[in-house]
Amino acid sequence: MAAAEGVSLPTPTEEMNGAGTLMDFLDEPFPDVGTYEDFHTIDWLREKSRDTDRHRKITSKSKESIWELIKSLLDAWSGWVVMLLIGLLSGSLAGVIDLAVDWMTDLKEGVCLSAFWYSHEQCCWTSNQTTFADRDKCPQWQKWAELMTGHAEGAGAYLLNYFLYILWALLFSFLAVSLVRVFAPYACGSGIPEIKTILSGFIIRGYLGKWTLLIKTVTLVLAVSSGLSLGKEGPLVHVACCCGNLFCSLFSKYSKNEGKRREVLSAAAAAGVSVAFGAPIGGVLFSLEEVSYYFPLKTLWRSFFAALVAAFTLRSINPFGNSRLVLFYVEYHTPWYMAELVPFILLGVFGGLWGTLFIRANIAWCRRRKTTQLGKYPVLEVIIVTGITALLAYPNPYTRRSTSELISELFNDCGALESSQLCDYYNNPNMSRPVDDIPDRPAGPGVYNAMWQLTLALIFKIVITIFTFGMKIPSGLFIPSMAVGAIAGRIVGIAVEQMAYHHHDWIIFKNWCRPGADCVTPGLYAMVGAAACLGGVTRMTVSLVVIMFELTGGLEYIVPLMAAAVTSKWVADAFGKEGIYESHIQLNGYPYLDVRDEFTHRTLATDVMRPRRNDPPLAVLTQDSTTVEDVETLIKDTDYNGFPVVVSRESERLIGFVQRRDLTLAIKNARQKQDGVVSSSVVYFTEDAPQLPASNPQPLKLRRVLNLSPFTVTDHTPMETVVDIFRKLGLRQCLVTRSGRLLGIITKKDVLRHMAQMMNQDPESIMFN
Amino acid sequence: MKFLFGVEALCLACFVLLSQVSAKNSEDIRCKCICPPYRDVEGQIYKQNVSLKDCTCLHVVVPMPVDGKDVEAYCLRCECKYEERSSGTIKVTIIIYLSILGLLLLYMVYLTLLEPMLKRRLFGHSQLIQSDDDVDQQPFANAHNVLSRSHSRPNMLNKVEHAQQRWRRQVQEQRKSVFDRHVVLS
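Quick caveat, the model's predicted, so the values are computed rather than measured.

Undergrad: How do you make sense of the interface of chain B and chain A when you look at a structure like this?
TA: Interface size is commonly expressed as the accessible surface area that is lost when the partners come together. In this complex, chain B contributes 59 residues to the contact, which on the side of chain A involves 72 residues. Carbon and sulfur atoms make up 71% of the surface buried where chain B meets chain A, a total of about 6300 Å² over both sides. If you sort the residues of chain B by the area they bury against chain A, B:Tyr97, B:Phe179 and B:Leu185 come out on top, with a joint share of 12%. Where chain B packs against chain A, one counts 0 salt bridges.

As structure tokens, this is what we get:
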């Protein structure tokens, strides 16, 4: 709302806000006036002015006594207390999720005999029987086949392990989808598109509730452990926002004001990304760039605080046993060379292309799920996809393990100590360099084998993620995209490395690569590839680069990351302007007015306003000649969200605007509480009652619910300006007048439909107000 | 009800935090040295439960497989890392998670299988709103029915029952919009 401060806002009258004058104090207060219905948009201006009034009241009362002063201080500090609580709870929940995922992922393959709650790595932590060749094996941790039959090797053991792997995966995903279906249907999906919409002013009741929080946390662990191609970052943002909503309800400053609540939710989203990646600054930037709609500077500082507290809490729980927040910490600092920008830019192009392919395919599949029979069997769909994933993932060692471990291995460079297949280089036995500076070596057969397996893994992940994202379990997108990019990057990196080794006399390599020196770091290529793919799908820019270098600790590599991110965004934007989250918002028809869309058409307000030429005339109320019965009929016959109030039907000069919900509640309340109000009572919106004969029943004053300062534009206002007003002020509707006379109304839905029409999309897909 | 949830959430957070401040097991710290193959000595991994200041090659790699003058070269290629973990936190977290999961599963089994059976036995077949040949068993189907019946006594048990019925109606609405009409979260 920073832009709004430059515009001179007409101050709404006191009656609007309930902090009334003396006369209104004698009226009865209306219950629940000022709350919103489900699936409707809030009125940002009203919320802002309510908060200003509340603040002014507290400030003026604080001069009265010490107790009031203390109360005003507590009110000022309540924001920081909420941030602290959000950080603590998000960090703890993220720690619990990480530990549980670690354990349950390994449960698919085997169990720790000494203490069943240890994962594979933790079980072998204290064992003295690990050798250099089999550094992962220890006798305390046994695979299922070994436990059940006593044989560790052989075809029978392999098949039994395979079978049990699939069985565990199916069990986990079945539990996840059943829990979601029975307890909290809103806990499915990523959550970020809906949170974006909520933060722009939409109300979805129950989306950030307690049951959603509990179920999302529990089922996220199950979904990630089942081996499906999904991540936990998006759902962690949803979990953090649920925590934010939970703590908002403790303070009336936030629970009663939807605008203030959304400030807290922006900060909570930053805390969510911060614990997902261990990147506090990246989290704040992500919240600023991707998730939030209005982001005042005050929110920036508070988001940073919440993100830091969350990261600190997670660190003290210490899920990975080495004080790192995420698995991907890389330790090398080898320099990169200018000539390497060419493969980096190629990786950026790959990322952009993959992003476009993924978005189009995923949206097509989700649309299928929404409209055809496929959507009627969510549980069956989850089970089938899990079965296929487990079936195809087990044979390939790179897809069998969890995606985070795969990314971690791909990011890390090969030292002399590595024993994996990917690091099967021919070592010079006389080499005595320290581990960080191993010169380029020729690849052994293990590396070529690994390349084949990685290529198959790449194809598999590209295909299966399209079908996994959007199913009715919590599913995130960041880790699978990063995995696709990391695999592609590593393959390119190894190719360039081998080319540099075998052809070191070519002109390109002669300048920078001397034999016996460390030229190419394939791990860096994997990082750049991951950033490119993630950027291609989500279209993040600054936040992506910051998250990547906070994730890996590689500050030297900012320029390659930026090059890849920029390239992938350009390539992807050439095919379609929307990232995955905006595409899902469009698919669901949420009323989201994107700040990035530019409206450059020359239409005027008259072209968009309702009523159109053939429509029935505008439904209005007059200021003192409508009866209660007329109002009720109007409410029953139409489904408009509000009605303009004019002086009279002849002059049609605008007085104000009244919301449907407020009108309904006020009339219901008046019928119950005030005596003398019957169906033929006149409703008046003026200050003084109209002059009526004494035989008429008592008139009903509804000035309290009237907004005396609705936004108006003239009929010749260009739509460009109208869209700008809607975007910057967060309006829901805008009245169109000509020389003071009311002509029509433009609602947010009309604006969205008009924009969709201008972009040749289906205007009927906008569903909500 | 809201407040209770908030207090519960905070308790969980504090518990998980405090459980790792508790006494450190001596087995929870270690120094791990990985030494690659050197000349005719095979690769080995050495682990010892020592603190950070003793985490060097000379302290941990015992018995040293090479003689005096080669020790330095050998140790240069070894990589020693200090690692810490909290076994108490892991144990507590996994057990808490499994118990919450178990409780939810029991509640789910109760809601989907046992309760319709009990209601049918108590109120007879005619009272159920949902028809019998509905394959997809909708939990909370008879929420409206039960809600309308129990409006007489305003005691604590009834209040809980009311809250539960209200929650079930909400979940059913959510389920309709997400799973059936595909309006939200498609």
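Undergrad: Please clarify how the packing of helix α7 (residues 155–183) of chain A against helix α6 (residues 156–180) of chain B should be interpreted in this entry.
TA: Between two packed helices, both the angle of their axes relative to each other and the distance between the axes serve to describe the pair. Put simply, α7(A) and α6(B) touch, their axes get as near as 8 Å, and they point 120° apart. As the angle between them shows, α7(A) and α6(B) are arranged oblique. Residues A:Val180, A:Arg181, A:Val182 and A:Phe183 of α7(A) form the contact with α6(B), whose participating residues are B:Trp167, B:Val171, B:Arg175 and B:Phe179. Among the residues making up the contact of α7(A) with α6(B), the classes are represented as 6 nonpolar, no polar and 2 charged.

Undergrad: How do you make sense of the state of the cysteines when you look at a structure like this?
TA: As used here, a disulfide is simply a covalent bond connecting the sulfur atoms of two cysteines. Per the stated rule, a full pass over the model turns up 7 disulfides over all chains. Between A:Cys124 and A:Cys138 runs a disulfide, and the two sulfur atoms are separated by 2.0 Å. Taking the torsion about the sulfur-sulfur bond, which here is approximately -75°, the covalent link between A:Cys124 and A:Cys138 counts as left-handed. With A:Cys124 in the loop between α5 (120–123) and β2 (141–143) and A:Cys138 in the loop between α5 and β2, this residue pair connects regions lying 14 residues apart in the sequence. Taking the relative accessible area as the measure of exposure, A:Cys124 reaches 7% and is therefore buried. With a sulfur-sulfur separation of 1.9 Å, B:Cys33 is cross-linked through a disulfide to B:Cys80. Its S-S torsion of approximately 110° makes the covalent link between B:Cys33 and B:Cys80 right-handed. With a gap of 47 residues between them, B:Cys33 in strand β1 (residues 29–35) and B:Cys80 in strand β3 (residues 79–84) connect regions that are remote in the sequence. Cysteine pairing for chain B, with bonded cysteines counted in sequence order: 1-4, 2-8, 3-7, 5-6.

Undergrad: How should the domain arrangement of chain A be read in this particular structure?
TA: Once the domains are mapped, chain A shows domain 1 (102–123 + 135–183), domain 2 (188–319), domain 3 (338–377 + 403–425 + 438–578) and domain 4 (605–759). Here the C-alpha centre of domain 4 of chain A lies 64 Å away from the C-alpha centre of domain 1 of chain A.

Undergrad: What should I look at first to understand the confidence of the model for chain A in this one?
TA: The predicted coordinates should not be examined in detail at positions where pLDDT is low. Residue and element names in this part refer to chain A. For chain A, the mean per-residue pLDDT works out to 86, and 91% of the residues sit at or above 70. Mean pLDDT values for the elements of chain A range from 37 in helix α1 (residues 14–17) up to 96 in helix α9 (residues 210–225). Low confidence marks residues 1–31, where pLDDT is under 50. Its contacts with residues over four positions away, or in another chain, come to 44 contacts.

Undergrad: Got a minute to help me understand the packing of helix α15 (residues 341–371) of chain A against helix α24 (residues 558–575) of chain A in this structure?
TA: All names here are of chain A. Where α15 meets α24, the axes come as close as 7 Å, and the angle between the chain directions of the two elements is 40°. Taken together, the axis directions place α15 and α24 in an arrangement best described as oblique. Relative to α24, α15 is oriented so that their crossing is right-handed. For the pair α15 and α24, contact is made by Leu341, Phe344, Ile345, Gly348, Val349, Gly351, Gly352, Leu353, Thr356 and Arg360 and by Pro560, Ala563, Ala564, Thr567, Ser568, Val571, Ala572 and Phe575, respectively. Here the contact of α15 with α24 is composed, by residue class, of 11 nonpolar, 6 polar and 1 charged.

Undergrad: Would you take a moment to explain a nonpolar patch on the surface for this structure?
TA: All names here are of chain A. The grouping of Ile66, Trp67, Leu69, Ile70, Leu73, Leu74 and Trp77 at the surface amounts to a nonpolar patch, some 790 Å² of accessible area in total. Checked against the element boundaries, tryptophan 77 lands in helix α4 (residues 66–107). Look at tryptophan 77 and you get exposed, because its relative accessible area is 54%.

Undergrad: What's the story with the environment of A:Asp594 in this structure? I'm lost.
TA: Residues and elements named next belong to chain A. For aspartate 594, the location among the structural elements is in the loop between α25 (580–588) and α26 (605–608). The class of aspartate 594 is buried, set by a relative accessible area of 8%. Each C-alpha atom of the pair aspartate 594 and phenylalanine 286 lies 16 Å from the other, and the pair is 308 residues apart in sequence. Once you skip the residues sitting within four places of it in the chain, aspartate 594 turns out to touch Glu582 and Arg727.

Definitions and limits used
- Residues numbered from 1 in each chain as written.
- Chains lettered and ligands numbered in written order.
- Predicted model: local features only at pLDDT ≥ 70, side-chain atom pairs only at ≥ 80, totals over all residues.
- Heavy atoms only, no water.
- Contact = heavy atoms within 4.5 Å.
- Buried area = accessible area lost by both parts, 1.4 Å probe.
- Salt bridge = Lys/Arg side-chain N within 4 Å of Asp/Glu carboxyl O.
- Axes fitted to C-alpha atoms, helices over the stretch in contact; angles between N-to-C directions.
- Helix = DSSP H or I, 4+ residues; strand = E, 2+ residues; numbered from the N terminus.
- Parallel < 35°, antiparallel > 145°, perpendicular 65-115°, else oblique.
- Nonpolar A, V, L, I, M, F, W, Y, C, P; charged D, E, K, R; others polar.
- Disulfide = S-S within 2.5 Å.
- Buried < 20%, exposed > 50% of the residue type's maximum accessible area, 1.4 Å probe, protein only.
- Domains from an automatic or database assignment.
- pLDDT = per-residue confidence, 0-100.
- Left-handed = near helix turned anticlockwise from the far one by under 90°.
- Patch = residues over 30% accessible without salt bridge, like charges linked within 9 Å, V, L, I, M, F, W, Y side chains within 5 Å.
- Areas by Shrake-Rupley, 256 points an atom, 1.4 Å probe, with all protein chains shown as cover.

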